[in-house]
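The residues making up each chain are set out below.
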Amino acid sequence: MSASPALRPAPRWGGGGAPSHRRLVEDHLASLPHGLPRLRNLQELHAQLLKQGLHRDPRAASKLIASYALLRRVPACRRVFSAASGPHAAATTNTTLLANTLLRAYALNALPHAALAAFSAMPPRQRDTFTYSSLIKALAAGGAAAPVRAAHAHVAKLGAVEDTFVGNALIDAYSKTGAAPDARRVFDEMPERDVVSWNTAIAAMVRQGEVAGARRMFDEMPEKDMVSWNTMLDGYAKAGEAEEAFELFQSMPERNVVSWSTVVSAYCKKGDMEMARVIFDKMPTKNLVTWTIMVSACAQKGLVEEAGRLFTQMKEAAVELDVAAVVSILAACAESGSLALGKRIHRHVRQRKLGRSTLVCNALMDMFCKCGCVNRADYIFDSEIVEKDSVSWNIIIGGFAMHGDGQKALDLFAQMKQQGFRPDAVTLINVLTACTHMGLVEEGRRYFANMETDYGIRPQIEHYGCMVDLLGRGGLIEEAVDMIKSMPWEPNEVIWGSLLSACRLHKNVEYAELAVNELSKLQPSNAGNYAVLSNIYAEAGQWSDMAKARVQMKGTGSQKIAGASWIELDEALHEFTVGDRKHPETDQISEMVDRLSSHVKHVGCVPADHELIVQ
């Protein structure tokens with residue numbers, strides 16, 4: 001294709017000046033580490049280039065911009081660009097190189113508006129294929145397909161839509177903005193496709209969950225590379241199709257660490273930890289991602305001892321955790337309640353100075369709150385976190401609200417506003433939860449009523465759910481029902497479940513029947529709802545209705561799942577259910593429970609005689 005004057009093929013940088021000048025620049029650039037640079041090293045290099053007047057060299061400036069972009073230092077990218085593209089700079093391919101690098105920096109940091117402004121400032125004669133592909137990538141970061149379509153129309157007018165590089169960027173952008181049909185149309189209309197085109201189209205289908213279609217396209221590919229195989233493997237892993245992933249894995253002509261890690265991840269997601277461990281142990285080389293997958297999966301599944309052993313082995317293998325790995329493992333600990341491993345991670349990040357990261361501190365606070373150690377989370381919030389963000393405030397406010405210390409949660413909410421942080425939708429959910437635990441009905445009503453006027457937050461279904469819970473617990477059942485009827489959304493099972501719990505608390509038969517009737521439509525096979533209704537009938541002395549509820553419970557074809565209790569001791573989880581005698585120390589445990597029951601009765605906590613629990 002012959003490119004129009006406004007859309008030239010991207011040239012190689014040739015550079016000008018004396019050979020010694022170019023050699024000096026090359027030496028400086030070679031001193032940059034491969035992969036993600038360290039900020040300190042980068043700043044030292046930048047200072048050297050400034051001192052020697054080499055910061056205006058287009059290649060040096062472009063390298064600095066790209067490196068700062070990887071570290072999310074966008075203001076530094078702008079400063080380097082401004083210094084290198086000032087009035088002294090000629091309108092050559094060098095300025096195009098700089099502008100394209102800045103566009104890529106904006107794309108990497110999800111700044112579509114900044115990218116559009118930088119693009120508009122470029123003279124049309126300086127734009128090339130890299131310019132448009134970088135702009136398209138940046139626009140996709142906004143999440144909306146409309147700007148991508150506008151850019152598509154623009155390059156189509158220039159006759160550049162047939163360029164393979166631009167076409168690949170469009171396929172990727174459309175898929176990331178949820179416009180899968182547009183992505184497929186671009187692919188189908190491309191006059192020439194390279195392996196990147198096919199890989200991008202397959203990744204787009206995987207992103208949409210169309211694994212079967214992705215496989216058909218994969219089989220049609222005229223040429224495959226490692227990315228092709230790994231993309232298809234990733235599709236199977238995300239779809240939970242571990243066996244299909246393993247079958248494809250076995251047929252691969254060659255494998256890399258990504259291939260192995262993806263199959264391990266597929267079995268972890270399926271819950272087949274035995275097979276995941278077999279593949280993990282057979283891996284010829286393991287990287288941080290692989291270790292993180294296994295440790296996180298074991299922690300998430302409650303295999304605390306195994307997760308601890310793997311964490312020890314990872315340290316012995318001299319694999320250093322980064323922020324992403326720490327956050328991933330802590331999230332798994334929070335989900336499963338693996339407190340012991342979470343504490344080990346906390347000690348590790350303190351030793352490695354990772355504990356100063358806001359992301360790590362937030363993950364630690366979240367883990368401690370969900371594991372019941374809200375005071376530890378509060379210590380991190382007060383003493384360890386260097387720079388708090390809105391997420392930090394939401395976690396600690398939510399932690400105290402969740403554990404029943406509503407006053408502390410509301411005090412923190414007041415501090416959050418005093419320190420200039422703007423509450424968001426999550427903050428208000430936590431505040432309403434705090435009001436619920438304290439029985440502050442009037443305060444809850446006020447916060448809910450003023451959400452939009454005070455904070456610009458329109459109440460969502462979660463906020464309505466908090467209010468139904470607050471009113472219900474306060475005995476205002478009718479008002480709770482009126483709120484449910486006034487909601488702009490159809491009530492979900494959480495809303496009706498909150499009402500049912502309130503009806504049980506206040507022995508309200510009429511609205512309990514309403515709640516169970518609605519829940520039976522949303523959860524027809526959930527026997528637990530009828531069990532609760534049966535208990536409410538029993539407490540009201542309506543024995544015939546109780547019997548009917550029991551019949552309805554059996555008619556669901558399922559049983560109410562027995563409640564389970566668990567405790568973590570010496571990095572091992574001990575789980576107990578009603579009538580469970582599998583534990584080796586069952587007799588001693590039962591003896592202790594009897595002693596505790598006697599003590600509770602002695603201090604006056606005796607259940608009502610009419611209380612009946614249906615299991």
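Worth saying up front: this structure is predicted, and the values here are computed from it rather than measured.

## Quick word on the overall build of the protein chain
For step 1, the next point in the chain: Looking only at helices and strands, one finds 34 helices and two strands in the protein chain.
For step 2, the next point in the chain: Across the 615 residues in the protein chain, those meeting the buried criterion constitute 45%.
For step 3, the next point in the chain: Summarising the internal contacts of the protein chain: among those between residues at least 6 apart in sequence, 61% fall at separations of at least 24.
For step 4, the next point in the chain: Counting every atom, the protein chain has about 31500 Å² of accessible surface; 51% of that belongs to carbon and sulfur.

## Here's the deal with the UniProt feature "repeat: PPR" (unreviewed entry) in the protein chain
For step 1, the next point in the chain: Feature annotation in UniProt places "repeat: PPR" (unreviewed entry) on residues 163-197, 225-259, 287-321 and 389-423, given in this structure's numbering.
For step 2, the next point in the chain: Annotation note: span residues 163-197, helix share 74%, strand share 0%, distance between end C-alpha atoms 11 Å.

## Here's the deal with the packing of aromatic side chains
For step 1, the next point in the chain: Evaluated as defined, the whole model comprises 14 aromatic pairs.
For step 2, the next point in the chain: Between the aromatic rings of F280 and W291, the centroid separation amounts to 5.1 Å while the plane-to-plane angle is 80°, which identifies the pairing as edge-to-face. Linking F280 in helix 16 (residues 273-282) with W291 in helix 17 (residues 288-300), this pair joins segments that are 11 residues apart in sequence.
For step 3, the next point in the chain: When the ring of F413 is compared with that of Y455, the centres are 6.2 Å apart and the planes differ by 70°; the resulting orientation is edge-to-face. Linking F413 in helix 24 (residues 406-418) with Y455 in helix 27 (residues 451-455), this pair joins segments that are 42 residues apart in sequence.
For step 4, the next point in the chain: On the basis of relative accessibility, which here comes to 1%, the residue F413 falls in the buried class.

## Thoughts on the pattern of salt bridges
For step 1, the next point in the chain: Here the structure, examined in full by the defined rule, presents 19 salt bridges.
For step 2, the next point in the chain: A salt bridge links E384 to R350, with the shortest nitrogen-to-oxygen separation between them at 2.3 Å. Of the two residues, E384 is situated in helix 22 (residues 374-384) and R350 in helix 20 (residues 339-351); the sequence distance between them amounts to 34 residues.
For step 3, the next point in the chain: Taking relative accessible area as the criterion, E384 reaches 17% and is therefore assigned buried.
For step 4, the next point in the chain: The structure contains a network of salt bridges with shared partners spanning R277, D281, E306 and R309.

## A word on the environment of E247
For step 1, the next point in the chain: Secondary-structure assignment places E247 in helix 14 (residues 242-250).
For step 2, the next point in the chain: E247 gets classed as exposed once you look at its relative accessible area, which sits at 57%.
For step 3, the next point in the chain: Along the primary structure E247 and V263 are separated by 16 residues, whereas in three dimensions their C-alpha atoms are 9.9 Å apart.

## Description of the packing of helix 16 against helix 17
For step 1, the next point in the chain: Between helix 16 and helix 17, the least distance of the axes is 11 Å, while the angle of their chain directions is 160°. If you check the angle between helix 16 and helix 17, you find them roughly antiparallel. Crossing of helix 16 against helix 17: the hand is left-handed. Counted together, M273, A276, R277 and F280 of helix 16 and T290, W291, M294, A297 and C298 of helix 17 form the full contact between these two elements.
For step 2, the next point in the chain: In the contact of helix 16 with helix 17, the residues fall into seven nonpolar, one polar and one charged.

## Description of helix 21 (residues 358-370)
Structurally, the α-helix is built with 3.6 residues per turn, so residues lying three or four positions apart point the same way.
For step 1, the next point in the chain: An ideal rise of 1.5 Å per residue puts 18 Å on 13 residues; helix 21 measures up with 18 Å between its terminal C-alpha atoms.
For step 2, the next point in the chain: All buried positions along helix 21 are accounted for by T358, V360, C361, N362, A363, L364, M365, M367, F368 and C369.
For step 3, the next point in the chain: Tucked into the core, helix 21 has its buried residues touching helix 19 (323-336), helix 20, helix 22 and helix 23 (390-402).
For step 4, the next point in the chain: Its side-chain oxygen placed 3.3 Å from the backbone nitrogen of L359, S357 serves as the N-cap of helix 21.
For step 5, the next point in the chain: Following helix 21 by one or two positions, G372 adopts a phi angle in the positive range, close to 90°.

## Remarks on the side chain of N230
For step 1, the next point in the chain: Its location among the elements puts N230 in helix 13 (residues 226-238).
For step 2, the next point in the chain: Judged by relative accessible area, which is 10%, N230 ranks as buried.
For step 3, the next point in the chain: In this structure N230 touches M252, N256, V258 and S259, once residues within four positions along its chain are discounted.

## Focus: a negative patch on the surface
For step 1, the next point in the chain: Together, E478, D482, E510 and E513 make up a negatively charged patch on the protein surface.
For step 2, the next point in the chain: Elements represented by at least two residues in the negative patch include exactly helix 29 (477-486) and helix 31 (509-522).
For step 3, the next point in the chain: Along the chain, E513 falls in helix 31.
For step 4, the next point in the chain: Since its relative accessible area comes to 35%, E513 is described here as partly exposed.

Criteria and cut-off values
- Residues numbered from 1 in each chain as written.
- Predicted model: local features only at pLDDT ≥ 70, side-chain atom pairs only at ≥ 80, totals over all residues.
- Heavy atoms only, no water.
- Helix = DSSP H or I, 4+ residues; strand = E, 2+ residues; numbered from the N terminus.
- Buried < 20%, exposed > 50% of the residue type's maximum accessible area, 1.4 Å probe, protein only.
- Contact = heavy atoms within 4.5 Å.
- Areas by Shrake-Rupley, 256 points an atom, 1.4 Å probe, with all protein chains shown as cover.
- UniProt positions renumbered as here; feature names shortened; annotations may be inferred.
- Phe/Tyr/Trp six-rings, centres within 6.5 Å; stacked < 30°, edge-to-face > 60°.
- Salt bridge = Lys/Arg side-chain N within 4 Å of Asp/Glu carboxyl O.
- Axes fitted to C-alpha atoms, helices over the stretch in contact; angles between N-to-C directions.
- Parallel < 35°, antiparallel > 145°, perpendicular 65-115°, else oblique.
- Left-handed = near helix turned anticlockwise from the far one by under 90°.
- Nonpolar A, V, L, I, M, F, W, Y, C, P; charged D, E, K, R; others polar.
- Expected span 1.5 Å × (residues − 1).
- Polar contact = N/O pair within 3.5 Å; in protein donor to acceptor, adjacent residues only side chain to side chain.
- Patch = residues over 30% accessible without salt bridge, like charges linked within 9 Å, V, L, I, M, F, W, Y side chains within 5 Å.
- Lys, Arg positive; Asp, Glu negative; His and termini not counted.
- Charge placed at Lys NZ, Arg CZ, Asp CG, Glu CD.

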